[in-house]
Amino acid sequence: MAETIAKQARSASTILKTLSNEERSSALQTVHDALKDSKSTILEANVKDMEAAQAQNLSSSLIKRLDLSKGDKFDVMLQGVLDVAALEDPVGKITLATKLDDGLDLYRLTAPVGVLLIIFESRPEVIANITALAIKSGNTAILKGGKESLHTFTAMANVVNEALAKTAVPKDAIQLIASREDVAALLDQDKYIDLVIPRGSNELVRNIKSNTKIPVLGHADGICSIFVDKAADLEMASKIVFDAKTNYPAGCNAVETLLIHKDLKDKVAEIVNRLVKGGVTLHTTEEVKASLPNVKTVPAVDGDFDKEFLALDIAVKFADSVEDAITHINTHSSKHTESIITENKETAEKFLKAIDSAGVYWNASTRFADGFRYGFGTEVGISTNKIHARGPVGLEGLVIYQYQIRGHGQVVGDYLGGGGSRPFIHQNIDVKNVTF
């Protein structure tokens, strides 16, 4: 069954990538309208999943991710589909053009990755996000949801499938697998599937990375840090740290570690009081605790500075200098997103250059690490990889490139290095002047 699904996706990909940008964008408009019209049905299904999750005592962070009715989450999901549809076509862009010889030209063009396998837990909005990004970028996708989101997944899958059936997009371009398909079998389909994108718990991501030959785009942890430098505006620091921790504690871009310059020992309360009032538990070193005699804290234990709390908890310690903070972060963070709060430009620039993470900010909340906020329309996920794509991955992360040579019967045997005497010209062509 898994092999059949993968083959169908591969076959559909050869058709999808030939569709025009107008056809792909029109299909997304159709999907958006269908999801909007079915909002009440989808949210009713989501309530069933929420009730089941609570009855099973699943983690609070998972339940928060599962809730599709929280705030404007559903409407943001819908807007994300439209935003992606309105973006510039990422496929077929000429990024390099070289004249090898008269009548023999080389081009490098952006092209779809191919077949994506997205395995996720909770987050039912992933269905809309991936559908939009995959279709816009010319990729086919196989989506496998977790059992905790089964009702929501099934309702959304039905809507998406019915909507796409009315468009030029081939029917197997987006396959939403609501049954308990064997994930291991899908992960073995490296002949047909080009990229796996896991969305969910650390355990899920680690398990997938350990059990497939297919390249994996994702991150296992979201251990984000903020360093409050001695030259920081403390009111600004307090506001940023509070936002990064409490805006959405279950998010992978929520801050988990707070480093404070040792010269601010007498001013720690100014930085953390807002957190305490907001119900955040401070896991502090003995040194930090001594600077907060009137604040209730808990002792930091081994592992707290390597931990993704995903809750109203934060680990706090002092740093001797910006260099010390950099060393700590590069040693303990998960390479997701880090931030420095300082009014010293030289210190900030050193931090921005030295931190080895996908996102590095100056005087801003780590919560900005998000495809929607970056203007990507939405995101397929956040990557801490060092090849292909890093950080919030939008359309650009779902295209690779392909080389095309357009000639007039030339053969290598006529050229130097291939047995002949004819030299190559290797003359750059201005891509702005290229039309096919």
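For the structure itself, consult the block above.
Residues numbered from 1 in each chain as written. Predicted model: local features only at pLDDT ≥ 70, side-chain atom pairs only at ≥ 80, totals over all residues. Heavy atoms only, no water.

## Things to note about unusual backbone geometry
Residues other than glycine seldom take positive phi values, yet Leu310 does so here, at roughly 55 degrees. Within the element layout of this structure, Leu310 appears in the loop between strand 10 (298–299) and strand 11 (313–319). We classify Leu310 as buried; its relative accessible area is 14%. For Asn363, which is not glycine, the phi torsion reads 55 degrees and is therefore positive. Counting through the fold element by element, Asn363 comes out in the loop between strand 13 (359–362) and helix 15 (371–374). For Asn363, a relative accessible area of 24% gives the class partly exposed. (Helix = DSSP H or I, 4+ residues; strand = E, 2+ residues; numbered from the N terminus. Buried < 20%, exposed > 50% of the residue type's maximum accessible area, 1.4 Å probe, protein only.)

## Considering the nonpolar core
Across soluble globular proteins, you tend to see nonpolar side chains buried next to one another. Judged by nonpolar contacts, the single largest core of 51 residues is most densely connected at Leu35, Ile118 and Leu143. Excluding residues that lie within four positions of it along the chain, Leu143 makes contacts with Ile118, Phe120, Val126, Ile127, Ile130, Phe153, Gln175, Leu176 and Ile177. Core analysis: the second largest hydrophobic core is formed by 25 residues, Val228, Ile240, Val268 and Val272 among them. (Core = buried A, V, L, I, M, F, W, Y, C linked by side-chain atoms within 4.5 Å. Contact = heavy atoms within 4.5 Å.)

## Focus on the packing of helix 6 (residues 126–136) against helix 7 (residues 150–164)
It is at 10 Å that the axes of helix 6 and helix 7 come closest, and there the two elements cross at 30 degrees. It follows that helix 6 is roughly parallel to helix 7 by the angle criterion. For the pair helix 6 and helix 7, the sense of crossing is right-handed. Between helix 6, through Ile127, Ala128, Thr131 and Ile135, and helix 7, the contact on the second element is made entirely by Phe153, Met156, Val160 and Leu164. Looking at the contact of helix 6 with helix 7 residue by residue, the class counts come to 7 nonpolar, 1 polar and no charged. (Axes fitted to C-alpha atoms, helices over the stretch in contact; angles between N-to-C directions. Parallel < 35°, antiparallel > 145°, perpendicular 65-115°, else oblique. Left-handed = near helix turned anticlockwise from the far one by under 90°. Nonpolar A, V, L, I, M, F, W, Y, C, P; charged D, E, K, R; others polar.)

That's the geometry; what it means functionally is another story.
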